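Coordinate inspection notes
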Amino acid sequence: MRRNGYKYLILRCTTTGAYNYRDSEWNYSDIPHLNYVHTKVEGYSFYSDNERIVNMFMQKFGPFCIPVTNYIEHTDMKKHSYVMNILGMVVSVTTTHQSEDILKAKTTTEYKFFYRNFLEKLLAIAIKFATRKNYKVLMSEDVPMRIQRGLLRKNKISFRSDKSNKIGFSETEDLNKVNVDATNFFKLKKSFLVDINFKEEKKHIKELFLTVINFNNQISLLGDICQHEGANLSYEYDTKIKKCRTACPWHGKVISPLLVINKSDKNNHKFTYLNQRFNVQIISQGLLINII
Ligand code: FES
Ligand SMILES: [Fe+2]
C-alpha cells in the first residue's frame, strides 16, 4: 500500500479480562456466534478452513447498514490478521491475544485505515470514528462469553481445544462437538442425593452444574453448561411439546435434557455430561446421582 502512495490512520483498542488468552483466540475464530451474539452485524461466510476465512458482514452504523468484505488469517494461535474493505477503503487489522496470567488475557486490535488524498482521509477519519464506537459494542457482546469461560476455568473446567496448536475457523462450526471438559471438576465430587418431591418446577444442583425439573410425574436432568463451548443455559418446561429444552444463547443450538426418567422407574440410568460419565437411580429417598 505504501509503495502505491497510501498513508494510514491508526487506531489501537485493548481489552483485558479474567479469562485465558485462548478464550480470546477462540472468540475471534468462532464463526457461529456472529449471527447470534452480535446485534449490529450479520455475517455471511463464503469460504473457510482452519487458517483462513473470506466473509462479508452487513455492519450497522447508526441508521446505515454497510457491507464489509473481510479476509482473515489465523496461522498463529496468538494472532488474527485481516484485510477489510469498507466503502472502497482498505483497512488492515491485527488482533493479538496475550497472556498476562493463567486467568488474565490482554487482547489488542490495531486498525490501519489507508488513504491517499484529502477526500479519502476524511472518509478514513469517519470510518475510524465509527470503528471505535463499534468496537465498544462488539466487546460488550463478546467479553461476557470469555468471562463465562474464565469462570469455568476457575472451577478446573477446561476446553479440549486448549491442547491444539490453534483454534481454526471451520472447526468452530461443528455445534455437536463437546469441547468442555469437566472431568477434573467432577473428580472432587461425591455422590449426590436429590429430593425429588420438591414443589417448585426446577431445582438447581449448583455443585454439579445440573438442573432437575419435576413435571408430570417425570424427572428431567439438564446441564446448566452448554457442552459445546460453555455457555450458561436456563430451561423452561414447554407445555406444548411436554418437554424441557432451551436454545443456546451463543450459537442457537437446541438443547434437550440429558435424561428423562419416570418417577416410578427404579432402574439404573447412565448419561455423559461435560465428558464425565454419570449413573442415576431413583431410590426411596430421592434421586441418587453417582459420578463414575
Ligand atoms: S456454546 Fe455452542 S451451542 Fe452452546
Ligand atoms: Fe464476536
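Residues numbered from 1 in each chain as written. Chains lettered and ligands numbered in written order. Predicted model: local features only at pLDDT ≥ 70, side-chain atom pairs only at ≥ 80, totals over all residues. Heavy atoms only, no water.

**Considering the domain arrangement of the protein chain**
By domain assignment, the protein chain separates into domain 1 (2–157) and domain 2 (180–291). On a C-alpha basis, the centres of domain 1 and domain 2 stand 37 Å from each other. Contacts between the two partners involve 13 residues from domain 1, matched on the other side by 16 residues from domain 2. For the domain 1 and domain 2 pair, buried surface summed over both sides reaches about 1200 Å², with 66% attributable to carbon and sulfur atoms. A salt bridge links Glu229 to Arg149; the shortest N-O distance between them is 2.7 Å. Linking domain 1 with domain 2 are 3 residue pairs in polar contact (both at pLDDT 80 or more). Of all the secondary structure elements, the ones that give two or more residues to the side of domain 1 that touches domain 2 are helix 2 (34–37) and helix 3 (118–154). Looking at the side of domain 1 that touches domain 2 element by element, the count peaks at 4 residues for helix 3. By residue class, the composition of the side of domain 1 that touches domain 2 is 7 nonpolar, 3 polar and 3 charged. (Domains from an automatic or database assignment. Contact = heavy atoms within 4.5 Å. Buried area = accessible area lost by both parts, 1.4 Å probe. Salt bridge = Lys/Arg side-chain N within 4 Å of Asp/Glu carboxyl O. Polar contact = N/O pair within 3.5 Å; in protein donor to acceptor, adjacent residues only side chain to side chain. Helix = DSSP H or I, 4+ residues; strand = E, 2+ residues; numbered from the N terminus. Nonpolar A, V, L, I, M, F, W, Y, C, P; charged D, E, K, R; others polar.)

**Quick look at the sheet that holds strand 10 (residues 192–194)**
Strand order across the open sheet formed by 4 strands is 10-20-19-18, with antiparallel pairing between neighbours. Every interior strand has two partners, whereas the edge strands, strand 10 and strand 18 (268–273), have only one. On average, each strand axis in the sheet is tilted by 25° relative to the strand beside it, whichever way the strands run. Two strands pair when backbone bridges link them, and strand 18 and strand 19 (residues 276–283) are joined in this way by 6 bridges, in the antiparallel orientation. Residue Lys270 lies in a different strand from strand 19, and its bridge partner there is Asn279. (Pairing = 2+ DSSP bridges. Axes fitted to C-alpha atoms, helices over the stretch in contact; angles between N-to-C directions.)

**Examining the coordination of the iron ion (ligand 2)**
Around the iron ion (ligand 2), the protein contributes the donor atoms His33 (NE2), His38 (NE2), Asp142 (OD) and Asp142 (OD), at 2.1 to 2.5 Å from the metal centre. Geometry at the iron ion (ligand 2) is irregular, judged from the 4 donor atoms that bind it and their angles of 56 to 147° at the metal. Mapped onto the sequence, the residues coordinating the iron ion (ligand 2) show the spacing H-x4-H-x103-D. Both residues of the pair, His33 and His38, count as buried. (Donors = N, O, S within 2.8 Å, 3.2 Å for Na, K, Ca; no water. Tetrahedral: all angles 85-135°; square planar, octahedral: opposite > 155°, others 65-115°. Buried < 20%, exposed > 50% of the residue type's maximum accessible area, 1.4 Å probe, protein only.)

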